[in-house]
Amino acid sequence: MNTNKLNTSLEFIKGIGKIRSKLIRDELKINTCQQMLYSFPFRYIDRSKFFKISEIKNEMIHVQIKGVFKDLKLVKFSNKYRLEGKLYDGYNYMTINWFKGLSWVEKSIELNKEYVLFGRLSWFNNKPNMVHPEFERMNSIVKKGFVKIKPVYHSTEKLINHGITNNFFIKIIKNIFSFVEDELNENLNKEINEKYNFYSTRKSLINIHFPIDFNHLEIAKKKIIFEEFFFNQLRFNLVKINRKRINPGYYFPSISNKFKTFFDSKLNFDLTNSQKKVLKEIREDFSSKKQMNRLLQGDVGSGKTIVAIMSVIIAVENNFQSCIVAPTEILAQQHFSSFINYLSDININVKILTGSTTKLQRNLILSDLIIGEIDVLIGTHALFEDDVRFKNLGYVVIDEQHKFGVKQRSKMWKKNNPPPHVLIMTATPIPRTLTMSIYGDLDISIIDEMPPGRKDIVTVHRKDSNRLKVFAFLKDQIKSGRQVYIVYPLIEESKKMDLKFLEDGYESLLRDFPRDKYQIGVLHGKMKNNDKDYEMKRFIVGKTNILISTTVIEVGVNVPNASVMIIESAERFGLSQMHQLRGRVGRGSYESYCILMTKDNLSNDAQTRINAMTETNNGFKISEIDLKLRGPGDVLGTRQSGDLDFKLGDIVNDVDVFNEAFDEVKKVISSDPDLINISNNNIKSYLVNNSNNKSWNIIG
Ligand code: ADP
Ligand code: MG
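## Comments concerning the confidence of the model for the protein chain
Detailed conclusions should not be drawn from predicted coordinates in areas where pLDDT is low. For the protein chain, per-residue confidence averages 89 on the pLDDT scale, and 93% of positions sit at 70 or higher. The low-confidence segment residues 693-700 (pLDDT under 50) makes 27 contacts with residues lying over four places distant or belonging to another chain.

This is the structure in structure tokens:
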């Protein structure tokens, strides 16, 4: 869509003005005509039907009736007045009340003239009545043309108090339509529109705001949803192909001694087929001479680390440095020990750099790094710092991407020119449509099987009333040498509460697990890094029997000897989060358990989450359910939900439209990647005119 009129500030639209446009901007972040037209009604009221008073039922929310006022009078109640009208529909009477604007209403209504009333129902003495309904003379409605389906827009109390009501929005959207009329261009090409029987963009927009009927509304919505998905995927895929065209990639063709020695003598298990497949994909990228940008999704414990290690060996053998970025100190440490364990024998120099590295060490590392003495640098976001400079960085692995943002990713890009290959690893499996709509510019690899011999984690739901039995079970496990995690909820709104849960739990735990018999470690977010590390290490080496913590242990920690994960107040946890926590156990060969402790009475949602956990161990299934329960914004967390800007499209319910849109994107891209065909003019001009979109600007 085009230019000036659509980008005009609301201020200049008839009926709005400076003050109201500012209010709308402040309250709803809507500034231009285009933004207003794309702020769609969130629901519709069916005004095509008139009800008789006798037809009104309890479950109805709004009704529309017509009739004449037979009486209108002020009634005194507790020192105040209300205006009471008696509306007669030809058969029955209904009471209509006003508590505000009494004299205005009294003046406006003429007895014995036909009115249409529309409003929310309330009940008194088993009889329906209405308070402050909308009312209008029948003949004036007939003159104006009757609106059958009324859109309802988001508003706020502040706006309503300033007269910016739903009816106001309806009026200004009409004004905007007549203002931008000649600029409402088509966004798609003819072929697509004909294939799917779409309305034009213009007709669709009009019908979403002011549908002729519900059928028109559905058709119109589908078109706009299609457009949303189409342009989202088109942008991503254009970024992807252009990046491949522009960015040469480092060429790592050879696999020689180190890799072979590693494979023959250090790797003490067979790779799963998924791991092999992913390694093959990475090796293909490494020898493609194009920069790799790959997302590796795999459930917790599916063995992503070894894939990272093996691909790092390839980079090093081709004389390039690598680095691994982890979201927490603990995880960086853990990667460091795995890497050292696997790589020191084959003469690869691995170092770690985090926030707690001393200045002296840091300086040493930095100077070794720039002369190429260090082959692999592992660390936290400390690696993003500008003074962390490599001699020839060829490969970056980012673990647990969802903790970092796109901006941070780009920092690592800039550490060499051309940019290094990038592998992003995430243990949060998300449904395909969601992956595509936020990581659409990346190639995707998936590990969808667990290493052999891994047993499902036995997951059970226990209520507080069963706590003693649970404790007895823990004692058994500890007696046979296993370790236990107990996790308490983190209450975002109240950091104090968060600790209280944990502290209370700790106190009561001590009664059953006295200190002279059991070693209990405590870990929470407010501890200093050194103390956290200390506790974590004690648990890793097996000195602690029970580690109680908030969700700080969520990400990636690997303690194969731990066999029980207790999630306290599990009803307070999100599904994906519980699944992540469960993944902390079952990492060794022991039968492992996840016990979800809850209070006795659960909400339906909480019960659904708990059931999902006890029924499946599959992260992809869990995330599908999570997505249905919470919607994409919450599943992704606040940081990334902003990346997902579909207004009408719903990647859960509109999967079919998503797939159709994606198919069409593939077709457009393969036949006309530069959008130079005349037939793709509309598509191109939409992209050009809407290029301030985040995804369009993704690095590259
Ligand atoms: P994640 O994908 O969560 O990062 P890890 O890479 O930490 O998982 O792997 C979990 C555990 O499984 C590690 O102890 C690792 O050594 C082991 N592992 C990985 N791949 C295999 C395999 N193919 N066979 C057996 N064990 C494996
Ligand atoms: Mg991991």
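## Describing the sheet that holds strand β17 (residues 483-487)
Strand order in the open sheet formed by six strands is β16-β21-β20-β17-β19-β18, and the pairing between neighbours is parallel. The open sheet has two edge strands, β16 (458-463) and β18 (520-523), and neither has a second partner. Adjacent strand axes in the sheet meet at a mean angle of 20°, parallel and antiparallel pairs treated alike. Relative to strand β21 (residues 593-598), β16 runs parallel, the two being bridged by six bridges. Following the sheet pairing, Thr459 is matched in β21 by Cys594. Relative to the sheet, helix α21 (residues 575-582) contacts β16, β17, β20 (562-567) and β21, its axis offset from that of β20 by approximately 155°.

## Quick word on the sheet that holds strand β11 (residues 350-353)
Strands sit in the order β11-β12-β10-β13-β14-β9-β15 across an open sheet of seven strands; the sheet is parallel. The open sheet is flanked by β11 and β15 (443-447), the only strands paired with a single partner. This sheet shows a mean twist of 20° between the axes of neighbouring strands, independent of strand direction. Note that β11 and strand β12 (residues 376-379) share four bridges and pair parallel. When the bridges of β12 are listed, Ile352 appears paired with Ile378. The strands that helix α12 (residues 273-286) touches are β9 (293-298), β13 (393-399), β14 (421-426) and β15; relative to β15, the one it contacts most, it runs at about 155°.

## Some words on the site of ligand 1
Neighbouring ligand 1 are 16 residues; Asp270, Gln275, Gly301, Lys304 and Thr305 lie closest to it. At 2.8 Å from a nitrogen atom of ligand 1 is found a main-chain nitrogen or oxygen belonging to Asp270. Lys304 has a polar side-chain atom sitting 2.7 Å from an oxygen atom of ligand 1. In the complex, the protein chains occlude 82% of the 560 Å² of accessible area that ligand 1 would expose alone. A class-by-class count of the residues in the shell around ligand 1 yields four nonpolar, seven polar and five charged.

## So, the environment of Asn318
The residue Asn318 is located in the loop between α13 (304-317) and β10 (321-325) in this model. Given the relative accessible area of 11%, Asn318 is considered buried. Placed 64 residues apart in sequence, Asn318 and Ser254 show a C-alpha to C-alpha distance of 6.6 Å. From its side chain, Asn318 meets the backbone oxygen of Ile314 in a polar contact 2.8 Å long.

## Re the nonpolar core
Note that soluble globular proteins tend to have their nonpolar side chains buried in a common cluster. Counting residues in hydrophobic clusters, the biggest one holds 86 residues, and the most contacted among them are Ile24, Leu37, Phe226, Phe230, Leu234 and Leu377. With ten residues, the single largest contributor to this core is helix α10 (residues 214-246). Structurally, this core is a two-domain feature, drawing no fewer than three residues from each of domain 1 (1-47 + 147-184) and domain 3 (275-286 + 303-426).

## A short note on helix α18 (residues 467-479)
Its 13 residues give α18 an end-to-end C-alpha distance of 18 Å, which sits within 8% of 18 Å, the value for a rise of 1.5 Å per residue. For α18, the set of buried residues is Val470, Phe471, Leu474, Gln477 and Ile478. The buried residues of α18 occupy an angular sector of 115° when projected down its axis, which confines them to one face. Looking at α18, the residues exposed on the side facing more than 90 degrees away from the buried face are Leu468, Lys469 and Lys479. Looking one or two residues beyond α18, the residue adopting positive phi is Gly481, at roughly 100°.

## Some details on the packing of aromatic side chains
Taken as a whole, this structure holds 28 aromatic pairs when the rule is applied. With 4.8 Å between their ring centres and 70° between their planes, Phe252 and Phe286 make a pair best called edge-to-face. With Phe252 in the loop between α10 and α11 (257-266) and Phe286 in helix α12, this pair connects stretches of sequence that are 34 residues apart. Residue Phe252 shares its accessibility class with Phe286, and that shared class is buried. Residues Phe473 and Tyr593 carry aromatic rings whose centres are separated by 4.8 Å and whose planes lie at 85° to one another, so their mutual orientation is edge-to-face. On the criterion of sequence distance, the pair formed by Phe473 in helix α18 and Tyr593 in strand β21 is long-range, its members being 120 residues apart. Through a chain of ring-to-ring contacts, three or more aromatic side chains come together here, namely Tyr196, Phe198, Phe226, Phe230, Phe231 and Tyr686. Note that Lys66 overlies the ring of Phe50, its terminal NZ or CZ placed 4.5 Å from the centroid. One residue, Lys475, lies across the ring of Phe513, its end atom 5.2 Å from the ring centre.

## Notes on the pattern of salt bridges
This model, assessed by the stated rule, comprises 30 salt bridges. Where Arg47 meets Glu134, a salt bridge forms, and the shortest distance between an N and an O atom there is 3.3 Å. Placement of the pair is Arg47 in the loop between β1 (43-46) and β2 (62-77) and Glu134 in strand β7 (residues 134-137), with a sequence separation of 87 residues. Lys113 serves as the salt-bridge partner of Glu110, at 3.6 Å between the closest nitrogen and oxygen. Accessibility expressed as a relative area gives 38% for Glu110, which makes it partly exposed. For Lys113, a relative accessible area of 32% gives the class partly exposed. Look at the salt bridges and you will find they share partners, linking Asp71, Lys73, Arg82, Glu84 and Lys86 into a network.

## Considering the domain arrangement of the protein chain
On domain assignment, one finds that the protein chain holds domain 1 (1-47 + 147-184), domain 2 (49-142), domain 3 (275-286 + 303-426) and domain 4 (458-616). The straight-line distance from the C-alpha centre of domain 2 to that of domain 3 is 71 Å.

## Let's talk about the environment of Ile19
Within the fold, Ile19 resides in helix α2 (residues 17-28). Look at Ile19 and you get exposed, because its relative accessible area is 65%. Note: C-alpha distance between Ile19 and Phe658 (639 residues apart in sequence) is 40 Å.

## Topic: unusual backbone geometry
In this chain, Asn417 is followed by Pro418 through a cis amide linkage whose omega measures -5°. Secondary-structure assignment places Pro418 in the loop between α16 (406-413) and β14. Residue Asn79 is not a glycine yet carries a positive backbone phi of 70°. Structurally, Asn79 can be placed in the loop between β2 and β3 (80-88). A relative accessible area of 71% means that Asn79 is categorised as exposed. Even without a glycine there, the phi angle at Asn319 is positive, about 65°. Along the polypeptide, Asn319 turns up in the loop between α13 and β10.

Rules used throughout
- Residues numbered from 1 in each chain as written.
- Chains lettered and ligands numbered in written order.
- Predicted model: local features only at pLDDT ≥ 70, side-chain atom pairs only at ≥ 80, totals over all residues.
- Heavy atoms only, no water.
- pLDDT = per-residue confidence, 0-100.
- Contact = heavy atoms within 4.5 Å.
- Pairing = 2+ DSSP bridges.
- Helix = DSSP H or I, 4+ residues; strand = E, 2+ residues; numbered from the N terminus.
- Axes fitted to C-alpha atoms, helices over the stretch in contact; angles between N-to-C directions.
- Near = heavy atom within 4 Å.
- Polar contact = N/O pair within 3.5 Å; in protein donor to acceptor, adjacent residues only side chain to side chain.
- Areas by Shrake-Rupley, 256 points an atom, 1.4 Å probe, with all protein chains shown as cover.
- Nonpolar A, V, L, I, M, F, W, Y, C, P; charged D, E, K, R; others polar.
- Buried < 20%, exposed > 50% of the residue type's maximum accessible area, 1.4 Å probe, protein only.
- Core = buried A, V, L, I, M, F, W, Y, C linked by side-chain atoms within 4.5 Å.
- Domains from an automatic or database assignment.
- Expected span 1.5 Å × (residues − 1).
- Arc of directions from axis to C-beta.
- Phe/Tyr/Trp six-rings, centres within 6.5 Å; stacked < 30°, edge-to-face > 60°.
- Lys NZ or Arg CZ within 6 Å of the ring centre and 35° of its normal.
- Salt bridge = Lys/Arg side-chain N within 4 Å of Asp/Glu carboxyl O.

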